[in-house]
Amino acid sequence: MTPDDELQDNTLADRPTGMSAQMRPRRKSRSAPAQLDFPLVRNGLDYLASVVDHLGKNESMVTEQDVKYAVLHLHAAVEVLLKARLLSEHWSLVFSEPHQATRKALDEATLSSVSIDHAVTRLQNIALVRISDKEKLALKHLKEDRNQLQHFGMTAPAPVIETRAGEVLDFLIHFVDHELLPHLSDREKIEARLVLRRLRGGLASIKVFVRKRTNRIRGEVTTAGAENRTIGCPECGYTALVLGEAAGPDGEPVSATCRFCTTLWEQKELLYCFPADDRGELSELNTCPQCREWTLGWGVRVFSNPDKGVPFCFACSVAFPSFVPCDRCSRPIDHADDSDQALCGRCWDNAVEEDRYGLEEPMDYDDEEQG
Ligand SMILES: [Zn+2]
Ligand SMILES: [Zn+2]
Ligand SMILES: [Zn+2]
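The structure presented is a predicted model; accordingly, all values stated were derived computationally and were not measured.

### A look at the coordination of the zinc ion (ligand 1)
Around the zinc ion (ligand 1), the protein contributes the donor atoms Cys233 (SG), Cys236 (SG), Cys258 (SG) and Cys261 (SG), which lie 2.3 Å from the metal centre. Around the zinc ion (ligand 1) sit four donor atoms, and with donor-metal-donor angles ranging over 107 to 113 degrees the site reads as tetrahedral. Look at where the donors of the zinc ion (ligand 1) fall in the sequence and you get C-x2-C-x21-C-x2-C. With Cys236 in the loop between β1 (230-232) and β2 (239-242) and Cys261 in the loop between β3 (255-257) and β4 (264-266), this residue pair connects regions lying 25 residues apart in the sequence.

### Things to note about unusual backbone geometry
The residue Thr262 is not glycine, and still its phi comes out positive at about 65 degrees. For Thr262, a relative accessible area of 45% translates into the label partly exposed. Within the chain, Ser330 stands out as a residue other than glycine whose phi angle is a positive 75 degrees. For Ser330, the location among the structural elements is in the loop between β8 (323-325) and β9 (332-334).

### Here's the deal with the coordination of the zinc ion (ligand 3)
The coordination sphere of the zinc ion (ligand 3) contains the protein donors Cys326 (SG), Cys329 (SG), Cys344 (SG) and Cys347 (SG), at a distance range of 2.2 to 2.3 Å. Taken together, the four donor atoms coordinating the zinc ion (ligand 3) and their angles of 99 to 118 degrees define a geometry best described as tetrahedral.

### With respect to empty space enclosed by the protein
Scanning the model with the defined rule gives three cavities of 30 Å³ or more in all. Along its surface, the second largest cavity is lined by Val71, Leu74, Ala138, His141, Leu142, Asp145, Ile161, Arg164, Ala165 and Val168. The set of elements that each furnish at least two residues to the lining of the second largest cavity consists of α3 (64-89), α6 (133-152) and α7 (158-180). Class assignment for the residues of the lining of the second largest cavity results in seven nonpolar, one polar and two charged.

### Focus on the packing of helix α2 (residues 38-55) against helix α8 (residues 186-223)
Orientation of α2 relative to α8, taken along the N-to-C sense of each, is 25 degrees, at an axis distance of 9 Å. Accordingly, the angle class assigned to the pair α2 and α8 is roughly parallel. Both α2 and α8 take part in a crossing whose hand is left-handed. Here Phe38, Arg42, Leu45, Leu48, Ala49, Val52, Asp53 and Leu55 of α2 come into contact with α8, specifically with Glu188, Glu191, Ala192, Val195, Leu196, Arg198, Leu199, Gly202 and Ile206. Considered class by class, the residues forming the contact of α2 with α8 number 11 nonpolar, one polar and five charged.

### Notes on the packing of aromatic side chains
Under the definition given, this model contains six aromatic pairs. Aromatic pair Phe171 and Phe175: ring centres 5.8 Å apart, planes at 35 degrees, arrangement tilted. Placement of the pair is Phe171 and Phe175 together in helix α7, with a separation of four residues, close to one helical turn. Residues Phe171 and Phe175 agree in their burial class; the two are buried. Their ring planes at 50 degrees and their centres at 5.8 Å tell us that Phe312 and Phe314 sit as a pair that is tilted. Just as Phe312 is buried, Phe314 falls in that class too. Ring pairing ties together the aromatic residues Phe274, Phe312 and Phe314, which thus form one cluster.

### Comments concerning the pairing of strand β6 (residues 305-313)
Relative to β6, strand β5 (residues 296-302) runs antiparallel, the two sharing four bridges. Bridge assignment links Val302 to a residue of β6, and that residue is Asn305. Count of turn residues in the β5/β6 antiparallel hairpin: two residues. Note: β6 against strand β7 (residues 318-319), two bridges, orientation antiparallel. Bridging across to β7, Cys313 finds its partner in Val318. Following β6, the chain reverses through four residues before pairing antiparallel with β7; Ser317 in that reversal takes a positive phi of roughly 55 degrees.

Definitions and limits used
- Residues numbered from 1 in each chain as written.
- Chains lettered and ligands numbered in written order.
- Predicted model: local features only at pLDDT ≥ 70, side-chain atom pairs only at ≥ 80, totals over all residues.
- Heavy atoms only, no water.
- Donors = N, O, S within 2.8 Å, 3.2 Å for Na, K, Ca; no water.
- Tetrahedral: all angles 85-135°; square planar, octahedral: opposite > 155°, others 65-115°.
- Helix = DSSP H or I, 4+ residues; strand = E, 2+ residues; numbered from the N terminus.
- Buried < 20%, exposed > 50% of the residue type's maximum accessible area, 1.4 Å probe, protein only.
- 1 Å grid on protein atoms, 1.4 Å probe; cavity = no way out; pocket = protein on both sides within 12 Å on 5 of 7 lines; lining within 4 Å.
- Points joined across faces, edges and corners; volume = space filled by probe spheres on them.
- Nonpolar A, V, L, I, M, F, W, Y, C, P; charged D, E, K, R; others polar.
- Axes fitted to C-alpha atoms, helices over the stretch in contact; angles between N-to-C directions.
- Parallel < 35°, antiparallel > 145°, perpendicular 65-115°, else oblique.
- Left-handed = near helix turned anticlockwise from the far one by under 90°.
- Contact = heavy atoms within 4.5 Å.
- Phe/Tyr/Trp six-rings, centres within 6.5 Å; stacked < 30°, edge-to-face > 60°.
- Pairing = 2+ DSSP bridges.

Written out as structure tokens, the structure is:
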């Protein structure tokens with residue numbers, strides 16, 4: 001034990017006396033709570049087992065009900081397991097307002113308990129548990145799915161849920177392994193390990209599902225020669241949204257369905273998902289260099305070069321990787337040469353005129369097409 005740890009231990013000297021031996025944090029080091037409330041851990045693992053039961057089936061067997069209970073139980077598992085760890089750190093940390101914590105409220109279970117967001121922050125700041133940004137994002141998605149389910153009775157499409165559930169399961173299994181298991185008694189450990197083994201099997205089958213699906217889509221996109229018109233889906237994040245396929249009554253493409261999550265996208269919706277700037281309003285920046293319509297999105301990841309977001313026209317289904325906004329009027333222009341100034345033909349002409357004759361009246365941009 002380092003002197004630092006001893007100091008930490010002393011700070012706990014004035015803990016309440018009424019606490020049961022099981023809950024009392026007998027700390028050995030700052031990140032090692034002595035004992036956990038096993039019934040709570042078992043309860044959390046039960047929820048996880050239910051998630052795997054609902055989602056670990058064959059793809060075609062997963063029903064709407066399965067998706068619903070998977071989301072609800074995964075959410076419950078997160079709540080319970082994070083709380084179990086907080087409780088071992090100090091029982092007041094499971095209260096939404098630790099400064100109002102009382103033993104009575106804890107014993108009678110009448111407390112208003114900590115939210116998942118705050119539990120994550122407390123685990124990071126107080127228990128020094130490492131939780132990555134990606135894991136936090138997965139937890140955030142889970143919370144949104146659960147809220148949507150409770151208020152509107154619906155969730156994201158099943159494949160999305162399955163993928164997200166996989167991410168949260170991944171996190172929780174690791175969390176149980178590293179943060180909870182070491183502090184259980186040997187007998188409890190054996191019990192928990194048995195459940196974990198089953199969970200790992202379930203997680204593996206969810207991962208297989210995701211990999212199979214992405215592989216199949218990759219094959220379809222390549223066979224169709226659609227690499228340049230397949231983009232990242234705003235809903236699921238997979239590069240599986242193939243544009244330029246579905247045609248409306250007049251032959252124009254009206255919508256596209258993501259091959260991964262099955263979400264249907266209208267051209268207009270997509271435009272708002274890929275705004276040109278923070279304001280998110282349509283402007284000259286959305287002018288397609290090819291069709292001249294306001295149908296150009298920005299920061300779109302395309303299958304053929306998924307690492308970098310580029311301007312992409314949802315009407316033409318064409319990417320314009322070398323295009324940037326004109327420095328003066330914001331119309332997208334080809335700027336492959338990387339020169340200092342990016343000016344469209346007309347703004348360039350104006351700049352030359354100004355150089356020659358000095359600054360004149362502001363130009364009216366509406367009267368003619370770009371040169
Ligand atoms: Zn999608
Ligand atoms: Zn276009
Ligand atoms: Zn310009």
